[in-house]
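Read off the chains here:
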Amino acid sequence: MANLDRDFPTRLQKPVDAPYGPYVDGFSLEQHRYGPFEPIRAKVHELAAASQTANAGEPDNGSHVSEAEK
């Protein structure tokens, strides 16, 4: 699809498990697709706090929910 880079104008609000770039956190495409997601979330929240961006990294389609919680 064309113009995927325009889907999230505020890239810190892009879901951490989005299967396509661009990303602002420095993690690889593979990690964004398959995890682990917690290091990505931590970095995104750190960047968001520094820039005062709301809703950083959310929603992430439930990747943070354990199987036991589902």
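Just so it is clear, the structure is predicted and the values come from calculations on it, not from any experiment.

S.K.: It is not clear to me how empty space enclosed by the protein should be interpreted in this structure. Could you clarify?
M.R.: It is a probe the size of a water molecule, rolled over the atoms, that shows where empty space is left. Evaluation of the coordinates by the stated rule reveals 1 cavity of 30 Å³ or more. Looking at side-chain class alone, the lining of the largest cavity contains 7 nonpolar, 1 polar and 3 charged residues.

S.K.: I would appreciate a short explanation of the pattern of salt bridges in the present structure.
M.R.: Pairs can form between side chains of opposite charge once their charged atoms are near each other. A full pass over the atoms with the stated rule returns 2 salt bridges. In this structure, Arg41 engages Glu38 in a salt bridge whose closest nitrogen and oxygen atoms are separated by 3.0 Å. Taken together, the residues span about one helical turn, with Arg41 and Glu38 both in helix α2 (residues 38–51) at a distance of 3 residues. Of the residues examined, Arg41 reaches a relative accessible area of 8% and is grouped as buried. The salt bridge involving Glu46 is made with Lys43; its shortest N-O contact spans 3.8 Å.

Thresholds applied
- Residues numbered from 1 in each chain as written.
- Predicted model: local features only at pLDDT ≥ 70, side-chain atom pairs only at ≥ 80, totals over all residues.
- Heavy atoms only, no water.
- 1 Å grid on protein atoms, 1.4 Å probe; cavity = no way out; pocket = protein on both sides within 12 Å on 5 of 7 lines; lining within 4 Å.
- Points joined across faces, edges and corners; volume = space filled by probe spheres on them.
- Nonpolar A, V, L, I, M, F, W, Y, C, P; charged D, E, K, R; others polar.
- Salt bridge = Lys/Arg side-chain N within 4 Å of Asp/Glu carboxyl O.
- Helix = DSSP H or I, 4+ residues; strand = E, 2+ residues; numbered from the N terminus.
- Buried < 20%, exposed > 50% of the residue type's maximum accessible area, 1.4 Å probe, protein only.

Nothing here speaks to function; it is all geometry.
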